[in-house]
Structure formats: C-alpha cells, structure tokens
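# Breakdown of the fold
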Amino acid sequence: MSNTKYILGSFADPDEMMDGIDRLQANNISIYDCFTPMPIHGIEAKLGVKPSRLPIAAFCFGGLGLMLGFSLLYFTMSYDWPMNIGGKPSMPLPNFVPVTFEVTILLCALGMVATFFFRNHLFPGRAPRVMDLRATDDRFIIAIDARDNANHELIDNLLKEAGAVEVKYNERKYVSYE
Amino acid sequence: MSSHNESILREPLMTGKGITYAQVTDDILLPVENKPNKAWWIGFIVAVCGAMLWVISVGYTFWTGIGAWGLNKTVGWAWDITDFVWWVGIGHAGTLISAVLLIFRQNWRNSINRSAEAMTIFAVICAATYVVAHMGRPWLAYWIFPLPNQFGSLWVNFNSPLVWDAFAISTYFTVSLVFWYCGLLPDIASVRDRAHGLRKKIYSVLSFGWNGSVKSWQRFEIVSLILAGISTPLVLSVHTIVSMDFATSVIPGWHTTIFPPYFVAGAIFSGFAMVQTLLLILRKVMNFEHYITMFHIEAMNKIIMVTGSIVGVAYLTELFIAWYSGSEYEMYAFANRIAGPYAWAYWAMMTCNVISPQLFWFKKIRTSIPISWILSIIVNIGMWFERFVIIVTSLHRDYLPSSWAMFYPTWVDVGIFVGSIGLFFTLFLLFLRFLPGIAIAEVKLLLKSSSLQHKTKLVQEGAFPEDQVEFFRNSLEKYDSVTEEEINALRKK
C-alpha cells in the first residue's frame, strides 16, 4: 500500500478538466474537490454541489437591518425624545426612508459577507490549505482521495486521456505548509 | 462551461497572440512582483508632495478653525462642499462598473473593475475628509451619529439630510470596501502562491486562506452578485441624498426636484471621466494594452457622452423651470448664474460638460487616446465648476442685498483641494504597487470566450459566415494593440 493520500490531475485547460470529471464519474471514481484559478460555470451541477444558501442569509440580514434601522429611528425620534421641529409630526415616515434603507443595505452586506467567510473558514491569517500551488495561477486541478479509490492506474489513465498535463501523487494533503 | 463561443460580431475584450492563463497572471502581477519603475517613482513623489500639502492645509484648518478658509457670512459653503461632492461623484463610477455592469453581464467590466473600485474607495476617503474638516471641530465629528450621550439623551435630528448623508457615505464606503476586498481575495492568493519568505507570509494573511475550491468559487460568485444587486440602489441613494443636502433647503437654485437624477447622472459622468483619465495612463505605463483595449476606451467614452447629454438636458430643464415657475427669486438665481459675476464659471461648466462630450459622437475622436484623455480631464474640470456654480452662485446673492458678497478662496482652500488630489494619487499608486491592478481571475474568464486569439482560431476553423468575419475584421481597425498581421490572419483558413 502506497502512502499516496491524494491524486491530483493537473489540467491546463478548463474544458479538458470538465472532460476529466466526466470520465472519472463514468467510472464511479469519486472526486474530492476541484481547485481552479477562476470560477468554472456548470461545475457545481456536475459535481453535485448544492446551490449556495447565501441569498437566504443575505435576505435575513437585510430584514434584520430593516427592523433595526426603523427601530432606531422610531426609538430616538418618536419614543425617547420626540422633538417639535416646526410643528411637524414626530414620526415622519418619508424622512425615515433614507436611514432605514442605508442600515438595511449595510447589515445585508456585512452579514452576508461574514456568513461567507465563516462558512468557508476565511479569515486574516488562516493558513492556506492549498493542494497545488499552481491552482491559483494557470492549472485546473481535480483532487481524488487515493484511499477511497483504489485503482490508481485507472485514474491515471483517465486523467491523461482527458488531457491532464501532469498527474501528481501527493503524500500530504496540503502542500502549502512548510 | 468555462468557455462559450460568443458571436463573432462582438469585438474582442482581450488582444495579443499566444496568451495563456500563466501569461495573464505574469502580465498583471509584473508591477506587483517587481521593483517599481521610474515612472511610478516620479508619480509617487509628486503625489506624496501633494499629500503633504493636504496634511499641512488640513492641519492648519484644524488648528485655526474654518476661518482659515475664504468663507464669509453670506457664502458659508464653498470649496469644501464643492470638493466633497466632486469626489463623491467621482467615486460613483467604480461602483457603477463593478455592480451595474455585473448585473447587466457586461463582460468588459472584468478588465477595469478592480482599479475603478479602488478609485471609488480612495475618492470616498478624500470626500470624507471634507465632511470632517468642514465641521470646524472635527474631534466632535462623532456627534453626527446617534450615540447614547450625556446631553439629556438628545438624539440627532433624523429629519436632516446631513444626517442621512453621514449614514449614506459611511454605508457606501463600507460596502464598497467589502465588495472590493472580496473580489481581491483570489488575486491576493495568486500573489501568495508565487511568493516566498516574508512576502508570502504577508500575502497569506491578506488572502484569508483562499484556495479556489468549487464551493468557495460558488459562494464567491453569489456574494459578488448580491453585493452588486444591493450596491446599485445604494450608489443611487448616496448621490440622491447628497443632492438633498441642497434640494431640501429653501435657497433659490437649490430647491428643485430635478436634483437627485441630475446629480446621479453627473456623478456617473465625472466618475467615468476620472476612470478614463487613470486607465489611459495605467494601460500605457503598466503595459496593459492587451487587457484594457480600445473597446473599453470607446465604451467608456460612449457612457461619458450619454451621461453628459443627460446632464446637459438637466441644465436646460433647470433654466426652463426657473422661468416657468414664475418665481422671481428662482429666475434671478439663474439669470445671475448666466450673466452675474460668476458667469465665467457658469460658461466654463456649460462648455466643459455640455459641449465637449458631444465631440464623442465622432468615432475618430472616441477612439483617439490623446483626445479622450484631454476630454476626460476637461469633463472633470467642468464637473468641479458645476458644483461650484450650484453652491457659490446660489449663496452669494442673499435675500438681503446688503448681505451680497463674493467668495475668494485662501491658500488653505486651494491647498486642501490640490492636496486631496495628491492624497488620491498616493493611495492609487500604492494600490498599483502592492495589489493586482486588474482582476486576474475575471480576466482569465475572457481568455476562452472573448479574446482575439480565441476568435481568430474559430474563424480559421470556419465557424462563422464570411460577411460576419468581414464585419469583425473592420471593427478591429480601431484597436491600437492589434497588428495588421493579426487582422490578416483572420483571412486564412
């Protein structure tokens, strides 16, 4: 038994990588993940990755912002210290629109991005978990868990048939730790 | 699919021969990974001198108070608010390019969005300094926010557009910064994975651990789209609220309902002009000619022309409504603009903003780099005068003729304005030195769909009818980055 943990198919072209995914899937080889220097449209459907639920988070945070913004205005202007400004009503709804809107947008944006960072474990100083250093440059990587898929020769052949320029057998999951 | 064959009738968004994904990374990271050249240093030193002038002028203002400016009892707002509105307006183009063009799926935004967004952020920083400086006692600037306080729980007046403005500008700055930085993550990761030693450590911290997995890209795209969706109404609201600073007052010439749309159009107009000013130099100095092509320049000139025309119509509408209103004060305010002591400023505005963008109807002018550059600067001068005319000419003729006055700037006014341009360029040049000036990942998307080499390959394979290829060949003639040889290659099979 070799010590290979992950097999990486390294492609120079995104379409060839997509072809590689098709060939692997046709042979019931499970794909761990793909790493690409740019977003690849349609890859989620192929790999069975569920649609992101971030829009729901964005909507909830926006709703929260709407309520907080309006509550702030209602509390300060109408409840805590209603001011008589030229005899105008103490709850002038049209005047509440701009600030409520801005708070809604602010919370929606910050909440959604915070959720994105939290779910993807992105934060300043996080050690990058990179399997191939060229995946952020010019290579499109298919990573296959070598222990779950025993027939390494078949994988190698399939990747090369699809046009992989290089097939790597990594004994460590991440190459970015030194 | 990562690549789709778009119509040959569309002009290429990327030129050059034999471009690979690796070369895109190399080209764009060249200024980041190498020591800056002489042009950068000269620009940077000049900009830092400007920024120093800004520090001195603002420091002097804080020390002596806003009496250091040329304001008087009648003209209480002048250069400070003019410069503020000018900078905020300039900032708007970045959001427009990154958000509105994303929603409309205009792929040409991919090559210019990063630097335009950076421009937005630096312009808003410049604008925000005026807001703080013109308060007079900047150490009390936080009073604009509704903080629990010891003054008998007296809250800020949320009926005031100035308070809305504080909320709008700070929200706009925050959301723009977040949008810009999220987009930068994959590109910082590209720098990180090519770097060594301390450099690698720094970019590693900045990259937040980005790795480009399927799920991260999926979420990245959703986040970009939603941020674009919410930034679009946000950017419109910001300049609407800026215009309400004037429009909700009872000063003749300010109290008009046309202000919000007219200010927004003006903001886009001046912002695109500033993007044009910067990018024309950037593409030359940084050798980005293959990424920021003639198509981009022409498209931006068209937007300048359209928004310039909207602004022109707004000026004429204002005049008409001033007459149609029958209000003596309103009519006087505009007659005074046209023929009063500041008529030179009014006509400078009219010439720069209404007449000069009309020159872009001519394709020769639209596709000429030197003329585009000069016109973009003229537009920015014109837009500065627009705000000056609106603010100073409306104020200097008070209701009481005994209070009539003129405004003369002091060296501090001039110093803060010139200095803020220095500050802006200092930040922009630092950005170009340390971060990728073009969104690498997004430009890579264009390589197999909209690049000239891809289209040439398809043409040579005979994928398109000859009349369409002919149209495409003709459209390439304006490109300065496409050689005769490359056009001829389209004839071969």
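This structure is a prediction, so every number in the text was calculated from the model and none was measured. (Residues numbered from 1 in each chain as written. Chains lettered and ligands numbered in written order. Predicted model: local features only at pLDDT ≥ 70, side-chain atom pairs only at ≥ 80, totals over all residues. Heavy atoms only, no water.)

## Considerations on the overall build of chain B
To keep it simple, the criterion reads: In DSSP terms, a helix is any run of H or I states spanning at least four residues, a strand is any run of E spanning at least two, and both are numbered starting from the N terminus. Accessibility here uses a 1.4 Å probe with only protein chains present; expressed as a share of the type maximum, an area under 20% marks a residue as buried, one over 50% as exposed, and anything in between as partly exposed. Here, residues are in contact when the closest pair of their heavy atoms is within 4.5 Å. The accessible surface values rely on the Shrake-Rupley method and a 1.4 Å probe; as for residues, cover is taken only from the protein chains in view. Charge assignment in this entry is limited to Lys and Arg as positive and Asp and Glu as negative, and neither His nor the chain termini are counted. Here the site of a charge means NZ on Lys, CZ on Arg, CG on Asp, or CD on Glu.
Along its length, chain B carries 18 helices and zero strands. Seen through its C-alpha atoms, chain B measures out along the principal axes to roughly 80 × 50 × 40 Å. Put simply, chain B has 493 residues, and 62% of those count as buried. Across chain B, every contact between residues at least 6 apart in sequence was considered, and the portion connecting residues at least 24 apart equals 81%. With an accessible surface of roughly 19400 Å², chain B has 70% of that area assigned to carbon and sulfur atoms. When the 35 positive and 31 negative side-chain charges of chain B are each reduced to one mean point, those points stand 7 Å apart.

## So, the sheet that holds strand β2 (residues 33-35) of chain A
All names here are of chain A. Quick note on the threshold: Two strands are counted as paired when DSSP detects at least two bridges linking them. Every axis in this analysis is a line fitted to C-alpha atoms, fitted for helices over the stretch in contact. Angles between the N-to-C directions lie between 0 and 180 degrees.
Within the open sheet, the four strands sit side by side as β2-β3-β1-β4. Their pairing is antiparallel. The strands lining the two open edges of the sheet, one partner per strand, are β2 and β4 (166-170). The average undirected angle you get between the axes of adjacent strands in this sheet is 20 degrees. Its contacts with the sheet put helix α1 (residues 14-26) on β1 (6-11), β2 and β3 (140-145), and the angle it makes with β3 is roughly 20 degrees. On top of the sheet, helix α5 (residues 152-162) reaches β1, β3 and β4; it is set at about 10 degrees to β1, its chief contact.

## Describing the environment of A:Tyr74
All names here are of chain A. For Tyr-74, the location among the structural elements is in helix α3 (residues 54-80). Judged by its relative accessible area of 37%, Tyr-74 falls in the partly exposed class. When the C-alpha positions of Tyr-74 and Ser-90 are compared, they lie 9.0 Å apart, and in sequence the two are 16 residues distant.

## Let's talk about unusual backbone geometry
The residue A:Asn28 is not glycine, and still its phi comes out positive at about 55 degrees. Structurally, A:Asn28 is set in the loop between α1 and β2. For B:Arg105, which is not glycine, the phi dihedral falls at a positive 55 degrees. For B:Arg105, the position within the fold is in the loop between α3 (79-103) and α4 (113-133). On the accessibility criterion, B:Arg105 (57% relative accessible area) is exposed.

## Thoughts on the packing of helix α8 (residues 259-285) of chain B against helix α13 (residues 369-396) of chain B
Each pair of packed helices gets described by two things: the angle between the helix axes and the distance between those axes. All names here are of chain B. As a reminder, the rule being used: Two helices that cross are described as forming a left-handed crossing if the nearer one is turned anticlockwise from the farther one by less than a right angle, and a right-handed crossing if clockwise. Classification used: nonpolar for Ala, Val, Leu, Ile, Met, Phe, Trp, Tyr, Cys and Pro, charged for Asp, Glu, Lys and Arg, polar for all others including Gly.
Between α8 and α13, the least distance of the axes is 9 Å, while the angle of their chain directions is 145 degrees. Between α8 and α13 the crossing geometry is left-handed. Its residues assigned to classes, the contact of α8 with α13 comprises 15 nonpolar, seven polar and three charged.

## Some points on the packing of aromatic side chains
All names here are of chain B. As a reminder, the rule being used: The rule is short: rings of Phe, Tyr and Trp, with Trp giving its six-membered ring, pair when the centres are within 6.5 Å, and they are stacked under 30 degrees, edge-to-face over 60, tilted in between. Whether a charge sits over a ring depends on NZ of Lys or CZ of Arg being within 6 Å of the ring centre and within 35 degrees of the ring normal.
According to the stated counting rule, one finds 50 aromatic pairs over all chains in the structure shown. Between Phe-259 and Tyr-262 the ring centres are 5.6 Å apart and the planes differ by 80 degrees, which places this aromatic pair in the edge-to-face class. One end of the pair is Phe-259 and the other is Tyr-262, both in helix α8 and three residues apart, which spans about a single turn. Looking at Phe-259, the relative accessible area reads 0%, which means it is buried. Judged by its relative accessible area of 2%, Tyr-262 is buried. Over the ring of Phe-334 we find Arg-337, and its NZ or CZ is 4.6 Å from the ring centre. Here Arg-433 stacks its cationic end above the ring of Phe-434, 5.2 Å away from the centre of that ring.

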